[in-house]
Amino acid sequence: MTWLWDNAMTLSTLVMAAAAIAALIYAHLQIAENKRAERRANANELWRETLRLAFDNPKLSDPTLKLAEFDYEARTIDGSIELFQKYELYVDTILNASEEILEVSPSKEWDVAVRIQLKPHRDYLLSPYFQKSGYLDQYGPRFRTFLREALSDPRYTPPGPPNVARIDAPEKKAKKRA
């Protein structure tokens, strides 16, 4: 007991140093977790923005639905060069958001969500015009590799346009079912 009393000052200094180190480690872990949480929140916000953009621009959001006539060679949509420029900016926005999301949250769920979002634009992204445009150079090699893989993967191809009667089409009689 005498040794403990004689070395109390040294022991208290060691305990305080250990407590300071533990507090430093805890602070570092908290800061790292807060950064991860902030990055995840930013990824979610980016995704919401891309979905809002798609909702506001149905003609541009999914060319496979045939809501507009896309001509990648002439760079027009429904004959409009201006609308095609908007489409290019739309796709560029989706690509930028996708790269950021996959950088921040490289999870399987985000991978699938991004692939599904990009797939309707496959024809444009694989078009000679886009491939030669230099747009791809603004993305990192990892995202360019992801994009090539995503566009070649048939699993995430959205279904074609629904087979529904057009409002402006002449009325047709319904067939009787047996």
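Quick note: structure is the one above.
In what follows, the accompanying structure is described. Treat the numbers as computed from the prediction; the structure is a model and nothing was measured.

### Observations concerning the overall build of the protein chain
- Secondary structure assignment for the protein chain yields 8 helices and 2 strands.
- Reading the protein chain from its N end, one meets helices and strands in the order α-α-α-β-β-α-α-α-α-α.
- Within the span of the protein chain, comprising 178 residues, buried residues form 27% of the whole.
- The contacts in the protein chain between residues at least 6 apart in sequence include a share of 68% that link residues at least 24 apart.

### Re the packing of helix H2 (residues 8–56) against helix H5 (residues 108–118)
- It is at 13 Å that the axes of H2 and H5 come closest, and there the two elements cross at 20 degrees. In this view, H2 runs roughly parallel relative to H5, as classed from their interaxial angle. In the packing of H2 onto H5, the handedness of the crossing is left-handed. Seen from H2, the contacting residues are Ala43, Asn44, Trp47, Thr50, Leu51 and Ala54; seen from H5, they are Trp110, Ala113, Val114 and Gln117.
- The residue makeup of the contact of H2 with H5, split by class, is 7 nonpolar, 3 polar and no charged.

### Remarks on the pattern of salt bridges
- Going through the model one piece at a time under the given rule, you end up with 8 salt bridges.
- A salt bridge links Arg142 to Glu103; the nearest nitrogen and oxygen atoms lie 2.9 Å apart. Taken together, the residues span a long stretch of sequence, with Arg142 in helix H8 (residues 141–152) and Glu103 in helix H4 (residues 81–104) at a distance of 39 residues.
- The class for Arg142 is exposed, based on a relative accessible area of 61%.
- Taken together, the shared-partner salt bridges in this structure form one network comprising Glu33, Arg36 and Arg40.

### So, H5
- Along H5, the residues that are buried comprise Trp110, Val114, Arg115, Gln117 and Leu118. Down the axis of H5, the sector holding all buried residues measures 165 degrees, keeping them to one side. Facing away from the buried surface of H5 by more than 90 degrees, the exposed residues are Lys108 and Glu109.
- Where the residues of H5 are buried, they touch H2, H4, helix H6 (122–126) and H8.

### Describing H2
- With 49 residues, H2 should reach 72 Å at 1.5 Å per residue; the first-to-last C-alpha distance of 71 Å fits that figure.
- Listing the buried residues of H2 in full gives Ala43, Trp47, Thr50 and Ala54.
- Where H2 is buried, its residues meet helix H3 (58–61), H4 and H5.

### Structural notes on the packing of aromatic side chains
- A complete count under the given rule lists 14 aromatic pairs for this structure.
- Aromatic side chains Trp47 and Trp110 sit 5.4 Å apart centroid to centroid with 75 degrees between the ring planes, which places their arrangement in the edge-to-face category. Here the residue Trp47 occupies a position in helix H2, and Trp110 occupies one in helix H5, the gap between them amounting to 63 residues. You'll find Trp47 and Trp110 in the same group, each marked buried.
- Aromatic rings pair up to connect Phe70, Tyr72, Phe84, Tyr87, Tyr124, Tyr129, Phe130 and Tyr135 into one cluster.

### Some words on the side chain of Glu88
- For Glu88, the position within the fold is in helix H4.
- No salt bridge forms around the buried Glu88; measuring N to O, its nearest opposite-charge neighbour Arg75 is 5.8 Å away.
- Setting aside its immediate chain neighbours within four residues, Glu88 contacts Tyr124, Tyr129 and Tyr135.

### What about the nonpolar core?
- Grouped together as the largest cluster of nonpolar side chains are 30 residues, with contacts concentrated most on Tyr87, Leu95, Tyr124 and Leu125.
- For this core, the leading source of residues is H4, giving 9 residues.
- In contact with Tyr124, other than residues within four places in its own chain, are Tyr72, Phe84, Tyr87, Glu88, Val91, Tyr129, Phe130 and Tyr135.

The rules we used
- Residues numbered from 1 in each chain as written.
- Predicted model: local features only at pLDDT ≥ 70, side-chain atom pairs only at ≥ 80, totals over all residues.
- Heavy atoms only, no water.
- Helix = DSSP H or I, 4+ residues; strand = E, 2+ residues; numbered from the N terminus.
- Buried < 20%, exposed > 50% of the residue type's maximum accessible area, 1.4 Å probe, protein only.
- Contact = heavy atoms within 4.5 Å.
- Axes fitted to C-alpha atoms, helices over the stretch in contact; angles between N-to-C directions.
- Parallel < 35°, antiparallel > 145°, perpendicular 65-115°, else oblique.
- Left-handed = near helix turned anticlockwise from the far one by under 90°.
- Nonpolar A, V, L, I, M, F, W, Y, C, P; charged D, E, K, R; others polar.
- Salt bridge = Lys/Arg side-chain N within 4 Å of Asp/Glu carboxyl O.
- Arc of directions from axis to C-beta.
- Expected span 1.5 Å × (residues − 1).
- Phe/Tyr/Trp six-rings, centres within 6.5 Å; stacked < 30°, edge-to-face > 60°.
- Lys, Arg positive; Asp, Glu negative; His and termini not counted.
- Core = buried A, V, L, I, M, F, W, Y, C linked by side-chain atoms within 4.5 Å.

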